[in-house]
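Commentary on secondary and tertiary structure
Next come the chains, spelled out residue by residue.
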Amino acid sequence: MGNFAANEGLSIFVILVWLGINAFLFVHFYMAFLVERWFYTRVLLGHALSWARAPAACLNFNCMLILLPVCRNLLSFLRGSIQYCSRTAARQLDRNITFHKLVAYMIAFHTAVHIVAHLFNFEYFMDAQLNRNSSFLPYILSEIGNGDNASYLNPIRTNETNPTIVMFTTIAGLTGVAITLALILIITSSMEVIRRSYFEVFWYTHHLFIIFFIGLVFHGYGRIVRGQTPTSLNASDPKACADQFENWGNNGSNCAVPVFAGNPPMTWKWVVGPMILYVCERLVRLYRSHQKVVITKVVMHPSKTLELQMKKKGFHMEVGQYVFIQCPSVSRLEWHPFTLTSAPEEDYFSAHIRIVGDWTEALYQACGGDKNETQEAWKLPKMAIDGPFGTASEDVFRYEVVMLVGAGIGVTPFASILKSVWYKRIQNNQEVFTKKIYFYWLCPETQAFEWFADLLQSLEGQMTEKDMADFLSYNIYLTRWKEAEAAHFRVQHEAEKDPITGLKQKTHYGKPNWDNEFANIASKHPGTKVGVFLCGPLRWGNLLKNSLCLTPRPTSSSSSTRRTFKRDVQKTLQVMY
């Protein structure tokens, strides 16, 4: 429970505060349109008025927030400032995309409520014009302003039209349609299946947010929803005059014809600040995109995995961070995120890119991956780098015993971590307490990550040379390997090296028994605090957490092994494009 509070407590608190503000705004503005100023408006529209205005207020609030989580340079600055006070708080900023999605869902919800309420409102406005009965108060209210059209209440000024025509001939209607269409396209193209298979569709469609915000700012300029002015309220109290509407404005009557006006547009006040911040964010990205990046080495790994080793003036990274990469010769607009696989101690930074889509295929060809001859340096494409981003995974260095679990593509960040730990170890870095690493690699098949097996082979050789072979223990599990295929390799089990990976450590088939693994590590390191780090799908995180809770602790307090679970929240899913 303590670890859960430490890892998730701040996130839950932020979500609860955000939900609370949404609830407050909805209730507050719902009640705000039940006052006397809106009495005559409610005569026409009923409670549909409040049902339209309350979600509009929530939309303003959430549209103010939606751009902030994607201002990655701003978040990087905040992360660097906050982590000096609290690394846990800084790590929460790495969940920016999750919060961005939650805000988007809230915008979609309130937009739906707002639209449905206004559909009823327009029908009510139309009914008031069609029911031409002078003894009918809604009709009298609809006729106000017909002379000079300066103080009308009903925006539908004639009974010879329909709500559809009004929708496409008013500022509110046109901008509302544009906003809704943009939002539908943005949300539907953000579905995981589309984002992974057709990233370009997701990327370009997401830039409809420009139309969305322009429409949002101008949506209220038509002032369709109108209420009685304060001066008119003093001259014509609705409670006293509503029943005397036939005598409004007559001599001897104490009730003047009510005067109506719309509220001034307010949305721009909510969103102008974030919009300015986002423009600054894009200017920073533009500046960074013109900084020179030199490709020092291109490595073509098996299974079409491209390794780019690069240098950039002033570039400083930490383990577990990621960058956005742009190749102008492929696309001047697309930026793709990739986890850094180099260590801070190396004189370059690198990324391993699997060729699985149109953009990566084009990059692969631009780097000469489809050619047999060596590519000359001047023929390599120009690159642009934005970053690095993400909270550094330096917590790994704070434990004497570390258990690293990489599932599938989640193995990528551990390339940087393993190399950095090894460099610090051989350099006798006093800030590193790590004395033993248990590394678990779970993957459906090894071909896609043969480059990582090469890294393990290199580390294995270096540790043997330094007589530190016990520093790293690793276990590779093929989770989808067919038994018939596995049996073919079992006959070679006695060989010095594994026939699949070429490593000394033999490959396992199936899934690990975490209860046994935790019990085994606990027995080997009594009295030691073990840090457990996972980078991979959420289901593996749940399995590890459950096993940690169920693993029995030794009865002797002096020999107990404390385990701290941390789920690495880097942008693991983003490196799969």
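Residues numbered from 1 in each chain as written. Predicted model: local features only at pLDDT ≥ 70, side-chain atom pairs only at ≥ 80, totals over all residues. Heavy atoms only, no water.

1. Let's talk about the overall build of the chain
Looking only at helices and strands, one finds 21 helices and 14 strands in the chain. Looking at the chain as a whole, 49% of its 577 residues qualify as buried. Counting contacts in the chain only where the partners sit at least 6 residues apart, residues at least 24 apart contribute 75% of the total. (Helix = DSSP H or I, 4+ residues; strand = E, 2+ residues; numbered from the N terminus. Buried < 20%, exposed > 50% of the residue type's maximum accessible area, 1.4 Å probe, protein only. Contact = heavy atoms within 4.5 Å.)

2. With respect to the pattern of salt bridges
Where side chains of opposite charge bring their charged atoms close, a pairing between them can arise. For the structure shown, the criterion picks out 6 salt bridges. Put simply, Arg-285 and Glu-281 hold a salt bridge, and the shortest N to O gap is 2.8 Å. You can see Arg-285 and its partner Glu-281 sitting in helix H15 (residues 267–289), 4 residues apart, about one turn around the helix. In this structure, Glu-345 engages Lys-424 in a salt bridge whose closest nitrogen and oxygen atoms are separated by 3.0 Å. With Glu-345 in the loop between strand S6 (336–339) and strand S7 (349–354) and Lys-424 in helix H17 (residues 412–426), this residue pair connects regions lying 79 residues apart in the sequence. (Salt bridge = Lys/Arg side-chain N within 4 Å of Asp/Glu carboxyl O.)

3. Brief notes about the UniProt feature "transmembrane region" (unreviewed entry) in the chain
UniProt annotation of "transmembrane region" (unreviewed entry) refers to residues 12–31, 51–71, 102–120, 165–189 and 201–221 when read in the numbering used here. End-to-end, the C-alpha atoms of residues 12–31 are 28 Å apart, and along that stretch the chain is 100% helix and 0% strand. (UniProt positions renumbered as here; feature names shortened; annotations may be inferred.)

4. Re the pairing of strand S8 (residues 384–389)
Looking down a regular strand, the side chains alternate between one sheet face and the other. Of all 6 residues in S8, 6 are buried, a share of seventy percent or more. Summarising the sheet, strand S5 (residues 322–326) and S8 pair through 4 bridges and their orientation is antiparallel. Bridged to Gln-326 within S8 is Ala-384. (Pairing = 2+ DSSP bridges.)

5. Overview of the packing of aromatic side chains
Scanning the model with the defined rule gives 26 aromatic pairs in all. Relative to Trp-38, the ring of Phe-33 lies with its centre 4.6 Å away and its plane at 40°, an arrangement referred to as tilted. The same class applies to Phe-33 and to Trp-38, which are both buried. Between Phe-218 and Tyr-221 the ring centres are 5.5 Å apart and the planes differ by 40°, which places this aromatic pair in the tilted class. Among the residues examined, Phe-218 registers a relative accessible area of 44% and is labelled partly exposed. Through successive ring pairs, a cluster of aromatic residues spans Phe-39, Tyr-40, Phe-245, Trp-248 and Phe-260. Between the NZ or CZ atom of Arg-226 and the centre of the ring of Tyr-152, over which it lies, the distance is 4.1 Å. Positioned above the aromatic ring of Tyr-438, the side-chain terminus of Lys-436 is 5.2 Å from the ring centre. (Phe/Tyr/Trp six-rings, centres within 6.5 Å; stacked < 30°, edge-to-face > 60°. Lys NZ or Arg CZ within 6 Å of the ring centre and 35° of its normal.)

6. Focus on the state of the cysteines
Using the criterion set out here, one finds 1 disulfide in the structure. The residue that forms a disulfide with Cys-241 is Cys-255, at a sulfur-sulfur distance of 2.0 Å. The disulfide joining Cys-241 to Cys-255 has a torsion of about -80° about its S-S bond and is therefore left-handed. Of this pair, Cys-241 sits in helix H14 (residues 238–241) while Cys-255 sits in the loop between H14 and strand S2 (260–262), and the two are 14 residues apart along the sequence. (Disulfide = S-S within 2.5 Å.)

7. Things to note about helix H20 (residues 514–524)
Along H20, the positions that sit buried rather than exposed are Trp-514, Glu-517, Phe-518, Ile-521 and Ala-522. Seen end-on, H20 carries its buried residues on one side only, within an arc spanning 130°. At the N-terminal boundary of H20, the capping side chain belongs to Asn-513, with an oxygen 3.2 Å from the backbone nitrogen of Asp-515. (Arc of directions from axis to C-beta. Polar contact = N/O pair within 3.5 Å; in protein donor to acceptor, adjacent residues only side chain to side chain.)

8. Here's the deal with the side chain of Ser-342
Mapped onto the elements, Ser-342 comes out in the loop between S6 and S7. In terms of polar contacts, Ser-342 uses its side chain to reach the backbone amide nitrogen of Ser-350, at 3.0 Å. For Ser-342, the residues in contact, after removing those within four places along its chain, are Met-317, Tyr-348, Phe-349, Ser-350, Ser-416 and Lys-419.

9. Some words on the pairing of strand S4 (residues 305–312)
Of all 8 residues in S4, 7 are buried, a share of seventy percent or more. In the sheet, strand S3 (residues 293–301) pairs with S4 via 8 bridges, with the strands oriented antiparallel. Following the sheet pairing, Met-300 is matched in S4 by Leu-306. Sheet analysis places S4 next to S7, joined by 6 bridges and oriented antiparallel. Looking at S7, one finds that Leu-306 is bridged to Ile-353.

10. A few points about the nonpolar core
For soluble globular proteins, nonpolar side chains are generally found buried alongside one another. Formed by 31 residues in total, the largest nonpolar core has its most connected members in Leu-404, Leu-418, Phe-439, Trp-441 and Phe-452. Taken together, the elements giving at least two residues each to this core come down to strand S9 (401–407), H17, strand S10 (436–443), helix H18 (450–465), strand S11 (472–478) and strand S13 (530–535). The element best represented in this core is H18, accounting for 7 residues. Leu-404 has contacts with Val-396, Phe-414, Ile-417, Leu-418, Ile-437, Tyr-438, Phe-439, Tyr-440 and Phe-533, leaving out every residue within four places of it along the chain. Counting residues in each nonpolar core, the second largest holds 28 residues, with Phe-26, Cys-63, Ile-66 and Cys-71 among its members. (Core = buried A, V, L, I, M, F, W, Y, C linked by side-chain atoms within 4.5 Å.)

11. Things to note about the sheet that holds S5
Sheet architecture is open: 3 strands sit in the order S6-S5-S8, paired in antiparallel fashion. Both edges of this open sheet fall to S6 and S8, since each of them pairs with a single strand only. On average, adjacent strands in this sheet sit at an angle of 25° to one another, irrespective of strand direction. Across the sheet, H15 lies against S5 and S8, angled at about 125° from S8, the strand it touches most. (Axes fitted to C-alpha atoms, helices over the stretch in contact; angles between N-to-C directions.)

12. Quick notes on a nonpolar patch on the surface
Taken together, Ile-171, Ile-210, Ile-214, Phe-218, Tyr-221, Trp-268, Val-272 and Ile-276 make up a surface patch of nonpolar side chains, about 750 Å² in accessible area. Mapped by element, the contributors of at least two residues to the nonpolar patch are helix H12 (209–218) and H15. Here Ile-214 shows up in helix H12. The class of Ile-214 is partly exposed, set by a relative accessible area of 49%. (Patch = residues over 30% accessible without salt bridge, like charges linked within 9 Å, V, L, I, M, F, W, Y side chains within 5 Å. Areas by Shrake-Rupley, 256 points an atom, 1.4 Å probe, with all protein chains shown as cover.)

13. Examining the packing of H12 against H15
Orientation of H12 relative to H15, taken along the N-to-C sense of each, is 150°, at an axis distance of 10 Å. Judged by the angle between their axes, H12 and H15 are roughly antiparallel. Crossing of H12 over H15 shows left-handed handedness. For the pair H12 and H15, the contacting residues are Phe-209, Phe-213, Leu-216 and Val-217 in the first and Thr-267, Trp-268, Val-271, Met-275 and Tyr-278 in the second. Classifying every residue of the contact of H12 with H15 by side-chain character gives 8 nonpolar, 1 polar and no charged. (Parallel < 35°, antiparallel > 145°, perpendicular 65-115°, else oblique. Left-handed = near helix turned anticlockwise from the far one by under 90°. Nonpolar A, V, L, I, M, F, W, Y, C, P; charged D, E, K, R; others polar.)

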